[in-house]
Protein chains: 4
Amino acid sequence: MSVNFDIIRTARAILHVTDLEKSREFYVKGLGLIETESDDSAIYLRGLEEHVHHSLVLKKADTPNIEVTSYKVRSEEDLDRLAALFEQKGLKTKWLEEGSQHAVGRALRVQDISGLPVEFFAKMDTAERMLQRYDLYQGAKAQRIDHFNNMVPDVQKAYDFYINDLGFACSEYTDDEDGKLWAAWIHRKPSVHDVAFMNGKGPRVHHVAYWLSDPMALIQGCDVLAALGYADNIERGPARHGLSNAFFLYLRDPDGHRIELYNGDYLTSDPDFKPVRWDLNDKRRQTFWGAEAPDCWFNEASTVLDIETGEQITTEPGKLKQAKPVFVI
Amino acid sequence: MSVNFDIIRTARAILHVTDLEKSREFYVKGLGLIETESDDSAIYLRGLEEHVHHSLVLKKADTPNIEVTSYKVRSEEDLDRLAALFEQKGLKTKWLEEGSQHAVGRALRVQDISGLPVEFFAKMDTAERMLQRYDLYQGAKAQRIDHFNNMVPDVQKAYDFYINDLGFACSEYTDDEDGKLWAAWIHRKPSVHDVAFMNGKGPRVHHVAYWLSDPMALIQGCDVLAALGYADNIERGPARHGLSNAFFLYLRDPDGHRIELYNGDYLTSDPDFKPVRWDLNDKRRQTFWGAEAPDCWFNEASTVLDIETGEQITTEPGKLKQAKPVFVI
Amino acid sequence: MSVNFDIIRTARAILHVTDLEKSREFYVKGLGLIETESDDSAIYLRGLEEHVHHSLVLKKADTPNIEVTSYKVRSEEDLDRLAALFEQKGLKTKWLEEGSQHAVGRALRVQDISGLPVEFFAKMDTAERMLQRYDLYQGAKAQRIDHFNNMVPDVQKAYDFYINDLGFACSEYTDDEDGKLWAAWIHRKPSVHDVAFMNGKGPRVHHVAYWLSDPMALIQGCDVLAALGYADNIERGPARHGLSNAFFLYLRDPDGHRIELYNGDYLTSDPDFKPVRWDLNDKRRQTFWGAEAPDCWFNEASTVLDIETGEQITTEPGKLKQAKPVFVI
Amino acid sequence: MSVNFDIIRTARAILHVTDLEKSREFYVKGLGLIETESDDSAIYLRGLEEHVHHSLVLKKADTPNIEVTSYKVRSEEDLDRLAALFEQKGLKTKWLEEGSQHAVGRALRVQDISGLPVEFFAKMDTAERMLQRYDLYQGAKAQRIDHFNNMVPDVQKAYDFYINDLGFACSEYTDDEDGKLWAAWIHRKPSVHDVAFMNGKGPRVHHVAYWLSDPMALIQGCDVLAALGYADNIERGPARHGLSNAFFLYLRDPDGHRIELYNGDYLTSDPDFKPVRWDLNDKRRQTFWGAEAPDCWFNEASTVLDIETGEQITTEPGKLKQAKPVFVI
């Protein structure tokens, strides 16, 4: 990487939700997130190991949307250098000075190369790490935020920008039958991904993922969610991805935002790690154990907002013809 | 119970398979069963905790069928009393004297009230219990045979016979929307079941189930089966049944026989245990976490044989109209 | 078995504790038992799968003792037959008529052959089974009562009485180096045991065991207990017993009563199951993974009471010289 | 960090062992490492997810020692810059040119500030990643090398050198009752550590740790090791560390080298992560669940070699008086 800034990791997402109480039960009792703070307009949540104020903000709104997905950078100077890059590329930027957002330092918001609203910041208030407060563990015991997955019309364009301009590295990717890049999993922290891009109607955020410490937490998450009445919110899984090797569960929150519970990937620290290639139609790619994802998993995702106007961003269809894998059995 | 014999538990099944080598890999490497003995015509398998010669016989045959499902009884006298009962009911019986079957004592075979080929015996050769030979554990680590599930045209008739005449007790059952008995889970050993009957085209054996010691063995079973190339043999799950509370996986063996891996039910020893009633259309009944079973799970099952002629038994459709649950969402 | 009554299973224990509030936190938040009812003098607790009112009674008292350990029998007539047996043997008996104990029917209390206070009853009030209320699971998720373990001066005498007169069956046993019976695990329900007897100062109750659904519940139990401040209450484990194959944890409650969390034994339904013999000094017997039990585990146990006077029963040392295993390394 | 090189992670250890066959069984069948290659003089092993040739070398020798512990760096230039640093500090360095060691590129060996033999390299041959070859998983399923732990006489000196000169960051540390640094856990990859230093007789290597994907792999590891006859090689655990939150097991290999199986720490990517301080005598520090480590765990460790002469390095006692925690109960 030859970039002059250091993006450290996936840091937080801001979800617009229509009913804070309904969302609180789902995220706190179901997923096990810790509520750091809340008021009438927002709930701030963090995972069990997180030493920072939050990794998820639920904001009261009339319509479900994702306001922004955010990355932590190493220093304030990194923010200035990122702003310069986005401006040079002719992409929208907007500064949110320290104090304008609760518990977060100065933040740079941009509309990225795919039109996704993305945020960078270096500072966040700290909070007590609850990792050893096992007496407070609930539901799926979500431990930390892991990654975002976005649907975009042009995966190759997004990939090039994140790899070449932002300094991400690729761990695994998927080609369609014409050899075109259908999806890519890319990272800054040495895991399989901080963000993935999939071909499809976008820009939209497909899901936000939380990392779990072990597979049994995911099984227990299913049991607790079902006991709380959320069986219909379990969209796909539990199963294992071929791509990434993760043991996974996909949930839809009360507003339809998709959350992945995720465990079981591997260390990608080495600069000579060779990205793993998958064929889109390799059945084991999406589910190592064979089960197919439902159509809604390929078609539905959260709409996103313009960083300046707050209006919903218009979507375009995926450029590649194939919207989902085809399995000839 | 006022019967004059003592059926102890589900003991073994004899499956006709078309390729012993293919079946061996699936059952030994995939499910983790121990091969006690084999020759050109049959393989004898047992679970990791089983102190008896086998709980599964794979017999080489031209056509996949289930020859018989067997129960262990307390004593030789119990066999005579069972024979008297079946004869009195006008049902076919057949004795297989000691020595005529490998590793098993004198056996009584019958065609039960639904036409299913069923066997009873009191004696089987013993074998080394491998429970603490953890160095030999493989795949799903199948620990012991647990139960059979049969599709029959008239569940009420089968239920009445097994409860009143054979001394089984009911743990859970399913009624259709007219209040008719659609399925029943009944037991002799104090678990949820030794056998279940479901409304459907029959008599057929829907599945044979093995008990696992814990949920992680099932997850590992999925991983090993997929790595061995059996992803397409995973038909349903992993998930949790509402009915029985079991964490389950349904597999199809290389000949299409269905095997359930099963863990997580409860003790049913008490005579005052009140059977649990479920509505057929209660979505949590079949899968506590919400996912629906595929149609093949409701439609396909193993055909069975006449104890005298060895011919395949003719099937009839289920008497109740509803072939599977309907979920109005 | 040629006895004329049917003891079904281990049913409950009544512990005298000195501080109900302290005990409640340990058993409810730490072990995960459900509180069915309580008042100023007692707390009634049940496991997650139990459909009966309770399996543990904590009674406020000045001194920690175990009042009685109880077994469920099939019918009221079984109680009369048991009373006749104990009277014929010249052992103390006492009837507690229905209504004299909360939530329990008519009960027979006896001082057994070793002087232990033991109770039999056929009826208990029912309670909602919480097995699928995963949202209420806490701590170690204790699922059901499994067995008692008693220290007695003369194991052979206790063994003979329980096997020959009460109809128990032996699953595993331990001989000392002279070939004398040092300990025995015996059962009525088809698990490794409903009760065990060990050579030692007695009669005392060594521990009451609860069954867990899987090993991860035990690991989680350790974490939650430690987070609640009970690290010093963890006496031994987690580890696996060679004898019984159980994955276990031994805890001391706030009054020093020992509780075992237990998972991983096997089905012992078969009348031809051959008991497993272990040498006392076989290191793998007590801990399959090698770690030795601390001396307190061999020396300390709960004192018991006279069923008539309520006085503490006088103890005698174990008849066999060897108080604990000796490992020559 | 202001260093001009980039150490990426813990990469490999070279152990001198006296019997290759005995070691092979322990590491391959017991720990589950994959054997990449071997000959009469050495065995090369890798974890299940490792895409490189090896992370452990077992070299046939007359005496058990640890030849070197190695770190991977980003580039060849990093090696030159590291050599300059060590030379400037007056510490011994030695180059091993590409081709002189099997499967590894040019390597820099040094005697570090504590006298430990340490190696750096940028290149290693690749090997097939076995992460999804679940059919080949064995024993404890060791997934990747995680960290080294060293005993040194002067922890503060080692700490200062690794933090200030080598660019490591501290996640957790232990002070003795005088407020002196007794131990420190420091990292380059964003986990709790790549290396730890503990006060004690040294320089010696206390243990090499492998990361497991989940706690059940560790339980299964215990079972398989015990079934293979290695119960006496289990030195400590399973239990959870307070420090690092890891679920752990300490083993001694056939030559006495200590191996840790390790799972359950957390992400330490953030530059503003505040190191966690523990008192040496806080009982929960070493074992969150309360059990104390045996004396041998504090006293015994592997001796190390001079990078030039191959002679065993002379040890000195730890500078701090307290050799192990004291728990006043």
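An unreviewed UniProt entry lists chain A under the name 3,4-dihydroxyphenylacetate 2,3-dioxygenase, from Metabacillus rhizolycopersici.

Draft legend 1. Summary view of the state of the cysteines. Scanning the entire structure with this criterion turns up 0 disulfides over all chains. Cys-222 of chain A takes part in no disulfide bond, and the closest cysteine sulfur, belonging to Cys-222 of chain B, lies 13 Å away. Its relative accessible area of 0% is what places Cys-222 of chain A among the buried residues. Cys-296 of chain B takes part in no disulfide bond, and the closest cysteine sulfur to it belongs to Cys-222 of chain B, at a distance of 16 Å. Note on Cys-296 of chain B: relative accessible area 26%, which makes it partly exposed.

Draft legend 2. Inspection of the pattern of salt bridges at higher detail. This structure, assessed with the given rule, holds 122 salt bridges over all chains. One salt bridge in this structure joins Asp-272 of chain A and Lys-72 of chain D, with 2.9 Å as the shortest N-O distance. Of the two residues, Asp-272 of chain A is situated in the loop between strand S16 (258-263) and strand S17 (276-279) and Lys-72 of chain D in strand S5 (residues 65-73); the pairing between them involves two chains. For Asp-272 of chain A, a relative accessible area of 33% corresponds to the partly exposed category. Note on Lys-72 of chain D: relative accessible area 2%, which makes it buried. Salt bridges sharing common partners tie together Arg-12, Lys-59, Glu-67, Arg-109 and Glu-119 of chain A.

Draft legend 3. Highlighting the relation of the copies chain C and chain B. Note on the identical chains: chain C maps onto chain B by a rotation of 180 degrees and an axial translation of 0.0 Å, with an RMSD of 0.0 Å. When the rotation and shift are considered jointly, the pair of chain copies conforms to a two-fold rotation axis. The C-alpha atom lying nearest the rotation axis in chain C is that of Asp-214 of chain C; the distance is 2.7 Å. Taken as a fraction of all interface residues of chain C, those also at the interface in chain B reach 100%, which identifies the copy contact as same-surface.

Draft legend 4. Here's a closer look at the sheet that holds strand S16 (residues 258-263) of chain D. All names here are of chain D. Across the sheet, 9 strands lie side by side as S14-S15-S16-S13-S9-S12-S11-S10-S17; this open sheet has mixed pairing. Of all strands in the sheet, those bounded by a partner on one side alone are strand S14 (234-240) and strand S17 (276-279). Within this sheet the neighbouring strands show an average axis-to-axis angle of 15 degrees, counted without direction. Bridge analysis of strand S9 (residues 144-152) against strand S12 (residues 195-199) gives 5 bridges, and the strand direction is parallel. Along S12, the bridge assignment pairs Asn-150 with Phe-197.

Draft legend 5. Seen up close, the interface of chain A and chain D. At the junction of the two partners, chain A supplies 35 residues and chain D supplies 35 residues. Of the roughly 2,900 Å² buried between chain A and chain D, counting both surfaces, carbon and sulfur atoms make up 53%. The tally of links between chain A and chain D comes to 7 salt bridges. Across the contact surface, chain A and chain D share 18 residue pairs in polar contact (both at pLDDT 80 or more). Among the elements of the structure, strand S1 (7-17) and S17 of chain A are those that each provide at least two residues to the side of chain A that touches chain D. Taken together, the residues of the side of chain A that touches chain D sort by class into 14 nonpolar, 8 polar and 13 charged.

Draft legend 6. Main features of the relation of the copies chain A and chain D. For the pair chain A and chain D, the best superposition has an RMSD of 0.0 Å and corresponds to a rotation of 180 degrees with a translation of 0.0 Å parallel to the axis. An overlap of 100% is found between the interface residues of chain A and their copies at the interface of chain D, pointing to a shared contact surface.

Draft legend 7. How the structure looks around the UniProt feature "domain: VOC" (unreviewed entry) in chain A. All names here are of chain A. When the UniProt feature table is mapped onto this chain, "domain: VOC" (unreviewed entry) is found at residues 9-123 and 144-264. A distance of 13 Å separates the end C-alpha atoms of residues 9-123, which is 21% helix and 41% strand. Secondary structure content for residues 144-264 is 20% helix and 45% strand, and the end C-alpha separation is 14 Å.

Draft legend 8. Here's a closer look at the nonpolar core. Formed by 411 residues in total, the largest nonpolar core has its most connected members in Phe-120 of chain A, Phe-120 of chain B, Phe-120 of chain C together with Phe-120 of chain D. Residues in contact with Phe-120 of chain B, not counting those within four places in the same chain, are Ile-7, Tyr-71, Val-73, Leu-79, Leu-82, Phe-86, Arg-106, Ala-107, Leu-108 and Val-110 of chain B.

Draft legend 9. How the structure looks around the interface of chain C and chain B. Between chain C and chain B, the residue contacts involve 35 residues of the former and 35 residues of the latter. For the pair chain C and chain B, the summed buried area comes to about 2,900 Å², and 53% of that belongs to carbon and sulfur atoms. At the junction of chain C and chain B, the tally comes to 7 salt bridges. Mapped by element, the contributors of at least two residues to the side of chain C that touches chain B are strand S1 (7-17) and strand S17 (276-279) of chain C.

Draft legend 10. The arrangement of helix H1 (residues 20-30) of chain A in detail. All names here are of chain A. Buried within H1 we find Leu-20, Ser-23, Arg-24, Phe-26, Tyr-27, Val-28 and Gly-30. Taking the backbone nitrogen of Glu-21 as reference, a side-chain oxygen 3.1 Å away marks Asp-19 as the first, capping residue of H1. Downstream of H1 by one or two residues, Gly-32 has phi in the positive range, about 90 degrees.

Draft legend 11. Main features of the pairing of strand S15 (residues 247-252) of chain C. All names here are of chain C. The element S15 is largely enclosed, with a buried count of 6 among its 6 residues. Alternating residues of S15 divide into Phe-247, Leu-249 and Leu-251 and Phe-248, Tyr-250 and Arg-252, and every residue in both groups is buried. Two elements, strand S14 (residues 234-240) and S15, share 4 bridges in a ladder whose sense is antiparallel. Along S15, the bridge assignment pairs Ala-239 with Phe-248. In this sheet, strand S16 (residues 258-263) lies alongside S15 in antiparallel orientation, the contact comprising 6 bridges. For Phe-247, the partnering residue across the bridge sits in S16 and is Asn-263. Where S15 folds back on S16, the antiparallel hairpin that results is connected by 5 residues, among which Gly-256 adopts a positive phi of roughly 95 degrees.

Draft legend 12. Just helix H4 (residues 215-227) of chain D, in detail. Residue and element names in this part refer to chain D. For H4, spanning 13 residues, the distance from its first C-alpha to its last is 19 Å, which sits close to the expected 18 Å at 1.5 Å a residue. Across the 13 residues that make up H4, a large majority, 13, are buried. Between the side-chain oxygen of the N-cap and the backbone nitrogen of Met-216 there are 2.9 Å, and the N-cap of H4 in question is Asp-214. Backbone geometry just after H4 places Gly-229 at a positive phi near 100 degrees.

Draft legend 13. The sheet that holds strand S3 (residues 42-46) of chain B, seen in detail. Residue and element names in this part refer to chain B. Ordered by their spatial adjacency, 8 strands build an open sheet running S2-S3-S4-S1-S5-S8-S7-S6, and the pairing between neighbours is mixed. Only two strands of the sheet have a single partner each, and these edge strands are strand S2 (34-38) and strand S6 (93-96). Adjacent strand axes in the sheet meet at a mean angle of 25 degrees, parallel and antiparallel pairs treated alike. When strand S5 (residues 65-73) meets strand S8 (residues 117-121), the two strands line up parallel, connected through 4 bridges. By the bridge assignment, Thr-69 is partnered in S8 with Val-118. Each of strand S1 (7-17), S2, S3 and strand S4 (56-60) touches helix H1 (residues 20-30); the most contacted strand, S4, lies at about 160 degrees to it.

Draft legend 14. Seen up close, the packing of aromatic side chains. Tallied over the entire structure, the rule returns 68 aromatic pairs over all chains. Centre to centre, the rings of Phe-26 of chain B and Tyr-27 of chain B are 5.0 Å apart; their planes meet at 85 degrees, and the pair counts as edge-to-face. Judged by relative accessible area, which is 0%, Phe-26 of chain B ranks as buried. Linked through ring pairs, Tyr-71, Phe-86, Phe-120, Phe-148, Phe-161, Tyr-162, Phe-168 and Phe-197 of chain A together constitute an aromatic cluster. Here Arg-236 of chain A stacks its cationic end above the ring of Trp-297 of chain A, 4.6 Å away from the centre of that ring.

Draft legend 15. Up close: the pairing of strand S7 (residues 107-111) of chain A. All names here are of chain A. Taking burial as the measure, the 5 residues of S7 include 5 buried ones, the bulk of the element. Here strand S6 (residues 93-96) pairs with S7 via 4 bridges, running antiparallel. Paired with Lys-94 across the bridge in S7 is Arg-109. Pairing between S7 and strand S8 (residues 117-121): 5 bridges, direction antiparallel. Among the inter-strand pairings, Arg-109 is bridged to a residue of S8, identified as Glu-119.

Draft legend 16. Region of interest: the domain arrangement of chain A. All names here are of chain A. Taken domain by domain, chain A consists of domain 1 (7-121) and domain 2 (140-299). For domain 1 versus domain 2, the distance between C-alpha centres works out to 19 Å. If you look at the interface, domain 1 gives 45 residues, while domain 2 gives 41 residues. At the junction of domain 1 with domain 2, the criterion picks out 2 salt bridges. Among the salt bridges present, the one from Glu-49 reaches Arg-144, with a minimum N-O distance of 2.9 Å. Run the count over domain 1 and domain 2 and you get 19 residue pairs in polar contact (both at pLDDT 80 or more). Contributions of two or more residues to the side of domain 1 that touches domain 2 are made by S1, H1, strand S5 (65-73) and helix H2 (76-88). Sorting elements by how many residues they give to the side of domain 1 that touches domain 2 places S1 first, with 10 residues. Across the side of domain 1 that touches domain 2, the residue classes tally to 22 nonpolar, 13 polar and 10 charged.

The rules behind the values
- Residues numbered from 1 in each chain as written.
- Chains lettered and ligands numbered in written order.
- Predicted model: local features only at pLDDT ≥ 70, side-chain atom pairs only at ≥ 80, totals over all residues.
- Heavy atoms only, no water.
- Disulfide = S-S within 2.5 Å.
- Buried < 20%, exposed > 50% of the residue type's maximum accessible area, 1.4 Å probe, protein only.
- Salt bridge = Lys/Arg side-chain N within 4 Å of Asp/Glu carboxyl O.
- Helix = DSSP H or I, 4+ residues; strand = E, 2+ residues; numbered from the N terminus.
- Least-squares fit on C-alpha atoms with pLDDT ≥ 70 in both.
- Contact = heavy atoms within 4.5 Å.
- Pairing = 2+ DSSP bridges.
- Axes fitted to C-alpha atoms, helices over the stretch in contact; angles between N-to-C directions.
- Buried area = accessible area lost by both parts, 1.4 Å probe.
- Polar contact = N/O pair within 3.5 Å; in protein donor to acceptor, adjacent residues only side chain to side chain.
- Nonpolar A, V, L, I, M, F, W, Y, C, P; charged D, E, K, R; others polar.
- UniProt positions renumbered as here; feature names shortened; annotations may be inferred.
- Core = buried A, V, L, I, M, F, W, Y, C linked by side-chain atoms within 4.5 Å.
- Expected span 1.5 Å × (residues − 1).
- Phe/Tyr/Trp six-rings, centres within 6.5 Å; stacked < 30°, edge-to-face > 60°.
- Lys NZ or Arg CZ within 6 Å of the ring centre and 35° of its normal.
- Domains from an automatic or database assignment.

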